[in-house]
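The primary structure of each chain is shown beneath.
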Amino acid sequence: MEVLNRLFRVERGEWGKLLQFGLFGLMLQTGLGIGFAAGDAAFLSHVGPAKLPVIFLLTPPVMVVYTAIFSFLQVRFSFDRVVDVTLALLAAGGLAFAWLLETGPKDQVAIYYALKLYLAMWYIGLYTLFWNFTDAFFDIQDAKRLFPLFAAFCALGVTFGSLIVSALAGVVSLPGFLAAWAAIAGLTAPVAMLVRRRFARIADSDTDLDAESRGVAQQLLLVFRTFRASPYALMLTATLFVTLLLTNLIEFQYSSVLQKGRSEAELASLFGGLYAATSGFNLIVCLFVFNRLVGRMGVRNVALILPATYFAVFAYFFLAGGEVAALAAFFAYHGVLTSIEYNNQNLLFNATPSAVKRPFRTVVEGLAEPLASLVAGGFLLLVAKAFDVRELSGVGVLLGAALIGVVVALRHLYPAAMEANMRHGWLNFGDPAARTPRFDADAVALLEAKTREPDSGAAAAARELLRSRTATSQAPAQIDPEISAATDEFAGKLADPSPSVRRYAVSSLASVVGHGDIHLVGPLVANLPRMDRASRETILKLLAVIGDVEAIPQILPAAAQLSPRELRATEDLLAGLGEAAIPRLAQALGADDLPYRARALAARALSALSQAQFLSQLDRLVREELAATGRRLESAQALEAGAGTDAAVRLLARAYRERIGASVDFVLELLALGGQLPDFDLLIVSLHSANPKVRGNAIEAIASGVDHATWRLLEPLVTRRGAGRGVAGDLLHICDEAVASGRLFEAAAAAQAMARLLPPEALATRLRPALEPDMPPALRRGVSILLSLEPASPTLVDLVQALATRPEFAPATLDALTALAERATPAPQGRRPTELLLAGGSWWLARADVDEVAARHPDLALAMLKARDGRSYAA
């Protein structure tokens with residue numbers, strides 16, 4: 001089974017879903033293959049290829065009626081009901097045409113016209129129906145792997161249908177084939193019902209689940225507004241329109257050549273064989289080629305294959321002509337168009353605005369494509385008799401060149417369209433207006449009344465709210481640069497153990513610190529992560545006033561422990577240091593011993609100061625980081641495979657996984673700063689979404705933005721494939737590396753895991769060298785407890801494990817849980833403390849400490865919010 005999974009790129013547990021959707025497509029296309037092979041032969045024999053332009057002209061009115069009816073059904077009823085109605089109409093239509101051909105008048109030309117239009121309608125209708133239905137169950141990344149396999153089932157269905165006609169054309173009449181199609185449609189209904197019951201749909205975005213329903217007129221209005229608002233949607237429609245023009249022209253060309261000198265039975269046999277041969281080609285391409293092709297070239301580059309093929313075919317028709325050219329045209333239409341272009345169109349439609357994707361596709365394929373048939377039919381009626389095959393081929397060459405130009409434009413618009421789809425449904429928290437409170441007149445009057453209350457905390461809060469409505473960022477006040485004795489006095493208080501004394505010292509320094517007070521940098525940075533929010537803001541302002549570029553190596557590790565808002569302020573601080581900061585920032589950017597938040601901060605500041613300097617390091621940094629992360633992935637898989645019931649090993653494996661995720665986020669931010677990817681914040685929010693379609697769109701934006709070599713390194717890290725498939729590895733070697741890394745939690749978890757794996761003597765031999773003077777206190781204490789150098793008590797790992805059992809903390813990152821664990825105490829403090837249950841008794845977290853850590857770690861804040869609110873969230 002593993003061989004099949006690798007061969008077809010199918011994940012574990014997907015075969016059941018794949019086979020059921022594949023069976024649905026196979027049965028739909030088997031009936032269509034029977035109808036097309038038999039119906040086309042009958043039309044060409046009884047009416048002739050010269051009348052094909054009439055069919056092209058009549059197809060649009062038929063599709064207008066079809067689109068209106070099915071758009072109404074999609075709004076009035078569920079899409080499941082639309083599928084049921086379609087299958088019922090297929091069965092009824094097949095039986096009706098079979099009856100008319102058996103019992104109708106001798107002159108049946110009108111019936112053959114109607115049958116040809118019926119086939120054209122269902123050729124478009126069933127294609128749209130199947131892919132609209134299937135698209136609702138898969139995100140784009142699964143679609144890139146599995147949709148070609150579904151197309152292979154569809155091609156196999158056409159092959160079966162065509163072979164049936166080819167084999168039985170001499171003994172079964174056209175009515176018999178149409179009755180068989182009706183029977184197959186009836187048997188397809190229970191398959192569709194089974195698929196709907198067993199599998200759940202995926203919303204197109206995080207807002208779709210709650211979106212209000214719209215009527216037909218509203219949906220059509222939204223679709224037409226999409227043409228004005230989305231250049232990509234307009235260009236995609238133009239691509240489909242020109243493609244259909246060329247397809248109609250190519251069908252006329254090969255039909256005119258192949259019909260000469262053949263009877264109806266000979267034509268049926270020929271078309272049956274050709275349909276079977278091209279379907280076999282389509283089967284191979286869909287099963288083994290397309291998903292690898294689109295993975296290697298990307299969706300937007302694969303879109304160029306059909307235009308180039310059509311251009312080459314018409315050029316061959318123009319230069320040589322004959323049956324060989326006709327067979328090449330048949331192959332381009334029923335082979336390349338079906339196996340490559342139609343599969344790729346399914347992925348191209350994913351970049352259309354998600355709010356209107358399904359009605360947009362219905363309208364475009366139901367109206368815009370038949371409009372191409374109308375234009376082609378009118379053109380052929382007017383010039384077919386005046387132009388020979390070679391002259392028509394010249395028109396095809398010109399249209400082929402135009403199609404290549406349109407697809408090049410579409411290719412250019414594709415990444416921006418994917419970014420717009422990611423943006424759909426997410427609030428723009430970066431908009432200053434989103435952070436500015438808005439009050440109606442009554443609220444303003446109430447706040448103004450509150451401000452008049454004497455000595456009231458509510459009055460101060462009201463004044464602040466009124467001020468914030470029009471507040472703008474202001475530069476820090478000018479500080480007197482003269483060094484005074486007060487500066488040294490306040491600086492000495494920064495080392496005081498009392499938080500209130502340190503707060504007083506920081507606020508007092510704001511009035512005396514000036515440029516050049518570099519002796520204050522060390523104490524200020526040491527206090528930066530330890531102080532309250534107001535003091536942290538003051539320290540950042542003081543560091544900006546001092547303006548010491550040599551302080552950057554100290555500032556960055558401390559800033560990694562700050563809140564997102566404070567990180568932005570630190571970024572402004574670093575950028576404000578000017579070009580003198582570039583060497584230090586470049587050095588920090590490549591320092592793999594720094595936290596990723598610190599390195600990302602350095603990257604943002606460096607790109608703001610000198611984009612050229614940043615870009616000169618970008619490729620090397622990305623390659624080195626992804627190579628190291630690939631090795632880390634192997635270690636994580638080995639830890640997961642060998643964890644068993646050992647909590648420390650499981651936590652160490654989780655730490656490696658989270659570090660991998662942080663590394664990927666860091667690389668994506670580097671690429672976004674380098675202009676290769678869209679807005680980083682939007683990309684990360686989408687990439688971490690719980691909605692598979694939103695996440696899939698983010699992955700597609702990454703795949704279309706980076707080169708193939710980078711994507712090969714990124715793909716296993718962002719697609720999450722292979723997670724949990726652990727491989728055997730040397731756990732002790734991995735633990736040794738983690739302890740030597742000096743990273744707080746990884747080293748602590750590795751040391752505790754080694755205590756389970758080694759006897760005490762061997763453990764002491766391995767851990768004693770790790771006791772360095774500058775190691776973090778929590779790590780030193782944990783190692784000392786494991787070596788029995790301190791009395792037994794809960795280690796950092798024990799506390800994190802206890803936190804991970806509480807539902808309000810469990811989803812948070814280990815960085816956040818570690819910050820909480822470092823604040824835990826053996827006795828309760830403050831109001832409403834949180835109890836942590838451990839084997840040796842309870843430890844406690846003060847509510848103020850929990851709130852402070854949550855303010856610095858958004859993942860913890862979101863986990864706590866989810867635990868208090870029963871509604872579902874996207875990320």
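For every chain, the first residue of its written sequence is number 1, and the numbers climb from 1 along that sequence. Local features in this predicted model are restricted to residues whose pLDDT is 70 or higher, and side-chain atom pairs enter the listing and the counts only when it is 80 or higher, whereas totals over whole chains, interfaces and linings include all residues. Hydrogen atoms and water are omitted, and side-chain values are computed over all heavy atoms in the structure.

1. A short note on the confidence of the model for the chain
At step 1: A residue-level look at the chain finds 89% of positions with pLDDT of 70 or above and a mean pLDDT of 82.
At step 2: Confidence drops under pLDDT 50 across residues 470–484; counting only partners more than four residues distant or on other chains, this segment forms 13 contacts. pLDDT is defined as a per-residue confidence score from the predictor, taking values between 0 and 100. Whether two residues are in contact is decided by their heavy atoms, any of which lying within 4.5 Å being enough.

2. Considerations on helix α20 (residues 499–509)
Owing to its 3.6 residues per turn, the α-helix aligns residues three or four sequence positions apart on the same side.
At step 1: In this scheme, a residue with accessible area under 20% of its type's maximum is buried, one over 50% is exposed, and one in between is partly exposed, where area comes from a 1.4 Å probe on protein chains only. To qualify as a helix, a DSSP run of H or I must reach at least 4 residues; to qualify as a strand, a run of E must reach at least 2; elements of each kind are numbered from the N terminus. Within the span of α20, buried status applies to Arg-502, Ala-505, Val-506, Ser-508 and Leu-509. Seen along its axis, α20 keeps its buried residues to an arc of 165°; they face one direction. This arc is built from the directions going out from the helix axis to the C-beta atoms.

3. Things to note about the nonpolar core
At step 1: Here the nonpolar core consists of buried residues drawn from Ala, Val, Leu, Ile, Met, Phe, Trp, Tyr and Cys, with membership extended through side-chain atoms lying within 4.5 Å. Within the largest apolar cluster, 272 residues are counted, with the highest numbers of intra-cluster contacts made by Trp-122, Leu-668 and Leu-714.
At step 2: Counting residues per element, this core draws most heavily on helix α5 (residues 109–135), at 16 residues.
At step 3: Setting aside anything within four residues of it in sequence, one finds Trp-122 in contact with Leu-32, Tyr-66, Phe-70, Thr-86, Leu-89, Leu-90, Tyr-127 and Trp-181.

4. Some words on the pattern of salt bridges
When the charged atoms of two side chains with opposite charge come close together, those side chains can pair.
At step 1: When a carboxyl oxygen of Asp or Glu is within 4 Å of a side-chain nitrogen of Lys or Arg, the pair counts as a salt bridge. Taken as a whole, this structure holds 24 salt bridges when the rule is applied.
At step 2: Between Arg-196 and Asp-84 there is a salt bridge, with its nearest N and O atoms 3.2 Å apart. Of this pair, Arg-196 sits in helix α7 (residues 174–198) while Asp-84 sits in helix α4 (residues 79–103); the two residues are 112 residues apart in sequence, bridging distant segments of the chain.
At step 3: Since its relative accessible area comes to 25%, Asp-84 is described here as partly exposed.
At step 4: Of the charged contacts, one joins Arg-568 and Glu-571 as a salt bridge, the two residues approaching to 3.4 Å between their closest N and O atoms. In this pair, Arg-568 and Glu-571 are both assigned in helix α24 (residues 564–576), three residues apart and thus about one turn of the helix distant.
At step 5: Relative accessible area serves as the criterion here: at 38%, Arg-568 is assigned to the partly exposed category.
At step 6: Within the structure, one salt-bridge network assembled from shared partners comprises Arg-568, Glu-571, Arg-604, Glu-669 and Asp-681.

5. Points about the environment of Ala-417
At step 1: As for its placement among the helices and strands, Ala-417 is situated in helix α15 (residues 389–423).
At step 2: Along the sequence, Ala-417 and Thr-352 sit 65 residues apart, while their C-alpha atoms lie 6.8 Å from each other.
At step 3: Setting aside anything within four residues of it in sequence, one finds Ala-417 in contact with Tyr-232 and Ala-351.

6. A closer look at a nonpolar patch on the surface
At step 1: Here, patches come from residues exposed beyond 30% relative accessible area and free of salt bridges, joined within 9 Å for like charges and within 5 Å for nonpolar side chains (Val, Leu, Ile, Met, Phe, Trp, Tyr). Note that accessible areas follow from Shrake-Rupley with a 1.4 Å probe, and for residues the cover is restricted to the protein chains shown. Judged by side-chain polarity, Leu-4, Leu-7, Ile-284, Phe-288 and Val-289 come together as a nonpolar surface patch covering roughly 380 Å² of accessible area.
At step 2: For the nonpolar patch, the elements supplying multiple residues, two or more each, are α1 (2–8) and α10 (264–297).
At step 3: A total of three residues in the nonpolar patch trace back to one element, the largest contributor, which is α10.
At step 4: By secondary structure assignment, the location of Phe-288 is in helix α10.
At step 5: Phe-288 gets classed as partly exposed once you look at its relative accessible area, which sits at 32%.

7. Concerning the side chain of Asn-132
At step 1: Take Asn-132: it is sitting in helix α5.
At step 2: Apart from the residues within four sequence positions on either side, Asn-132 is in contact with Phe-79, Arg-358, Arg-361 and Thr-362.

8. With respect to the packing of aromatic side chains
The geometry of an aromatic ring pair is captured by two quantities: the separation of the ring centres and the angle between the planes.
At step 1: Between 30 and 60 degrees the pair is tilted, below 30 it is stacked and above 60 it is edge-to-face, where a pair is any two Phe, Tyr or Trp rings, Trp via its six-membered ring, whose centres lie within 6.5 Å. For the coordinates displayed, the defined rule picks out 26 aromatic pairs.
At step 2: Measuring from centroid to centroid gives 5.3 Å for Phe-21 and Phe-138, while their planes differ by 70°, and the two rings are edge-to-face. Placement of Phe-21 in helix α2 (residues 15–46) and of Phe-138 in the loop between α5 and α6 (140–168) is noted, with a sequence separation of 117 residues between them. Of the two residues, Phe-21 and Phe-138, neither departs from the other in class, the shared state being buried.
At step 3: With a centroid separation of 6.1 Å and an interplanar angle of 55°, the aromatic rings of Tyr-232 and Tyr-414 are classed as tilted. With Tyr-232 in helix α9 (residues 231–258) and Tyr-414 in helix α15, this pair connects stretches of sequence that are 182 residues apart. The pair formed by Tyr-232 and Tyr-414 is uniform in burial state, with each residue classed as buried.
At step 4: An aromatic cluster is defined as three or more aromatic residues linked by ring pairs; in this entry it consists of Phe-21, Phe-24, Phe-130, Trp-131, Phe-133, Phe-137, Phe-138, Phe-147, Phe-150 and Phe-199.
At step 5: Against the face of Phe-138 rests Lys-17, its NZ or CZ located 4.4 Å from the ring centre.
At step 6: Charge-over-ring contacts are defined here by two conditions on Lys NZ or Arg CZ: a distance within 6 Å of the ring centre and an angle within 35 degrees of the ring normal. Over the face of the ring belonging to Phe-318 we find Arg-390, whose NZ or CZ atom lies 4.0 Å from the ring centre.

9. Points about the state of the cysteines
At step 1: Any pair of cysteine sulfurs within 2.5 Å is marked as a disulfide. Enumeration according to the criterion identifies zero disulfides in this entry.
At step 2: The thiol of Cys-286 is unpaired, and the distance to the nearest cysteine sulfur, on Cys-154, comes to 8.3 Å.
At step 3: For Cys-286, a relative accessible area of 1% corresponds to the buried category.

10. A look at the side chain of Glu-341
At step 1: Looking at the element boundaries, Glu-341 is found in helix α13 (residues 322–348).
At step 2: Residues contacting Glu-341, with those up to four places away along its chain left out, are Ala-303, Leu-306 and Val-336.

11. Things to note about the pairing of strand β1 (residues 834–838)
In summary, the side chains of a regular strand alternate between the two faces of the sheet.
At step 1: Side chains Thr-834, Leu-836 and Leu-838 project from β1 onto a buried face, and the interleaved Glu-835 and Leu-837 project onto a face without burial.
At step 2: For two strands to be treated as a pair, DSSP must find at least two bridges joining them. Hairpin remark: β1 followed by strand β2 (residues 841–845), antiparallel, with two residues in the connecting loop.

12. With respect to the environment of Leu-374
At step 1: Structurally, the position occupied by Leu-374 is in helix α14 (residues 357–383).
At step 2: Overall, Leu-374 belongs to the partly exposed group, its relative accessible area being 32%.
At step 3: Between the alpha carbons of Leu-374 and Pro-60 there is a distance of 6.2 Å; along the sequence they are 314 residues apart.
At step 4: Look past the residues within four positions of Leu-374 in its chain and what remains in contact with it is Phe-56, Leu-57 and Pro-60.

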